[in-house]
Amino acid sequence: MRRVPAPLPSRAYDVLVGRGCLAGLGTALMRRCPGGKTVVCCDENVAALYLEQVRSSLRASGYEVSHIVIPAGEAQKDLARAEELYGVLYDRGLRRGDTVVALGGGVIGDLAGFVAATYQRGVRLAQVPTTLLAQVDAAVGGKVAVDFRAGKNYVGTFYQPWLVYIDLATLETLPVRELHSGAAEVAKYALLDGGELLGRVERLARGRLVAARVSETLVAACVARKVAVVAGDEREETGARAVLNLGHTVGHAVEAATGFSRYAHGEAVGLGLRASLWLSRRLCGMDARDEARGQALLDGLGLPRRLEAVPAAAVCELTHRDKKAGRDGVGYVLLDGLGSPRLNVRVPAELEREAVEWLLQR
Ligand SMILES: NC(=O)c1ccc[n+]([C@@H]2O[C@H](COP(=O)([O-])OP(=O)(O)OC[C@H]3O[C@@H](n4cnc5c(N)ncnc54)[C@H](O)[C@@H]3O)[C@@H](O)[C@H]2O)c1
Ligand SMILES: [Zn+2]
């Protein structure tokens, strides 16, 4: 089992990464959040697979355990569902020293995390992510939120967990499309790293992407990279955390332009990463070999090669509505070269349009 320390200003915690370690959750949690009650929050899919194992591990360590199961899907991540969760915590008499355990993908992590952050101004929180996306990204870094009207993650806060506990064996049951989608975030870290992690992800991309090939070392390296960025800008104030937005400006616009239904988040981010590489070559002097190497990595990870049937104008219009856009438009994260990100690049509207056209026509 790997331990990645996350020494963040508001809380220092461990991210533990293992394979087949779910039964050890209770022991690991007891060391960090001794005693009390736990409420495990998960969706129906994850409940059928892992809830019993998690409950018995927590019970065996001496916790009083209850749970709540909600339907799966992004539509659950709203204030109404949050209120229902508050109700469960209230009925179970949860107090500050007790722990909410978010067992599942990013939807559960964000929703249960938001509830833990706000209930009684904050009860303890353990993240037990079961999708690749949540393991390398959503569960780490402390962003918790629900969606509000058309705004994704519009109501939320920063709230670090007490523990992130990752069992890679849970990826074995993940639908293959979700695995590929999570791989887009892995590719993002690889492009930002440009060194050992890039090499490791390139090796992964050379064979078929199956859960068994996702190693503890790989996931721990992705987590460490995210932690390093977040440690320098925990609340997104200095701008340094924006580097994690690589590929996401176009990615989010693609998701929105296609009604959040056609592409999984990671698939859209994959397209966004392709556009970023294309723009990096034209605006930041990235050399052609680096661009080709980046595109090949995304091919190998099974991410979409092209954008299908969306007007380029619709995508471009939406990049400017990005939550992270400033008053004078959106600053892109691009790359001078693999491993050398450049923040806040202003992309001329014409070139942005060309990049999206390229995605549509390639
Ligand atoms: N907080 C952050 O920093 C952050 C970062 C990235 C994404 N997010 C959020 O994460 C969410 C997306 O997360 P996601 O992609 O994990 O989606 P998700 O939570 O909806 O999970 C995807 C699907 O996989 C199922 N599932 C989960 N684990 C499984 C397993 N081990 N076996 C079988 N099925 C399993 C779920 O039931 C669901 O149907 C979005 O809401 C996004 O906003 C948050
Ligand atoms: Zn993402």
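The structure presented is a predicted model; accordingly, all values stated were derived computationally and were not measured. (Residues numbered from 1 in each chain as written. Chains lettered and ligands numbered in written order. Predicted model: local features only at pLDDT ≥ 70, side-chain atom pairs only at ≥ 80, totals over all residues. Heavy atoms only, no water.)

(A) Structural context of the pattern of salt bridges. For the structure shown, the criterion picks out 22 salt bridges. Note that Glu-196 is salt-bridged to Arg-200, the shortest N-O span being 3.6 Å. Residue Glu-196 and its partner Arg-200 are located together in helix H7 (residues 196-206), separated by four residues, close to a single helical turn. Exposure remark for Arg-200: the relative accessible area of 24% places this residue in the partly exposed category. Between Arg-289 and Asp-287 there is a salt bridge, with the nearest N and O atoms lying 3.9 Å from each other. Overall, Arg-289 belongs to the exposed group, its relative accessible area being 68%. Classification of Asp-287 by relative accessible area gives partly exposed; the value is 33%. The network of salt bridges with shared partners includes Glu-74, Lys-77, Asp-110, Asp-147 and Lys-152. (Salt bridge = Lys/Arg side-chain N within 4 Å of Asp/Glu carboxyl O. Helix = DSSP H or I, 4+ residues; strand = E, 2+ residues; numbered from the N terminus. Buried < 20%, exposed > 50% of the residue type's maximum accessible area, 1.4 Å probe, protein only.)

(B) Representation of the packing of aromatic side chains within the structure. In the structure shown here, the tally under the stated rule is three aromatic pairs. When the centroid spacing of 6.2 Å and the interplanar angle of 20° are considered together, the rings of Tyr-86 and Tyr-119 count as stacked. Note that Tyr-86 is positioned in helix H3 (residues 79-91) and Tyr-119 in the loop between helix H4 (106-118) and strand S6 (124-129), a separation of 33 residues in sequence. Looking at Tyr-86, the relative accessible area reads 24%, which means it is partly exposed. On the basis of relative accessible area, Tyr-119 is assigned to the buried category, the value being 10%. (Phe/Tyr/Trp six-rings, centres within 6.5 Å; stacked < 30°, edge-to-face > 60°.)

(C) Expanded view of the site of ligand 1. Looking at ligand 1, there are 26 residues lining it, with Asp-43, Glu-74, Thr-130, Thr-131 and Thr-173 nearest. One of the backbone N or O atoms of Val-107 is found 3.1 Å from an oxygen atom in ligand 1. In this structure, a nitrogen atom belonging to ligand 1 sits 2.9 Å away from a main-chain N or O atom of Lys-143. The fraction of the free accessible surface of ligand 1 (860 Å²) that becomes covered by protein chains is 88%. Counting only elements with at least two residues in the shell around ligand 1, the list comes to helix H2 (44-60), H4, helix H5 (132-138) and strand S8 (151-158). A total of four residues in the shell around ligand 1 trace back to one element, the largest contributor, which is H2. Here the residues of the shell around ligand 1 are counted per class, giving nine nonpolar, eight polar and nine charged. (Near = heavy atom within 4 Å. Polar contact = N/O pair within 3.5 Å; in protein donor to acceptor, adjacent residues only side chain to side chain. Areas by Shrake-Rupley, 256 points an atom, 1.4 Å probe, with all protein chains shown as cover. Nonpolar A, V, L, I, M, F, W, Y, C, P; charged D, E, K, R; others polar.)

So, to be careful, I would describe these as geometric facts and stop short of saying anything about function.
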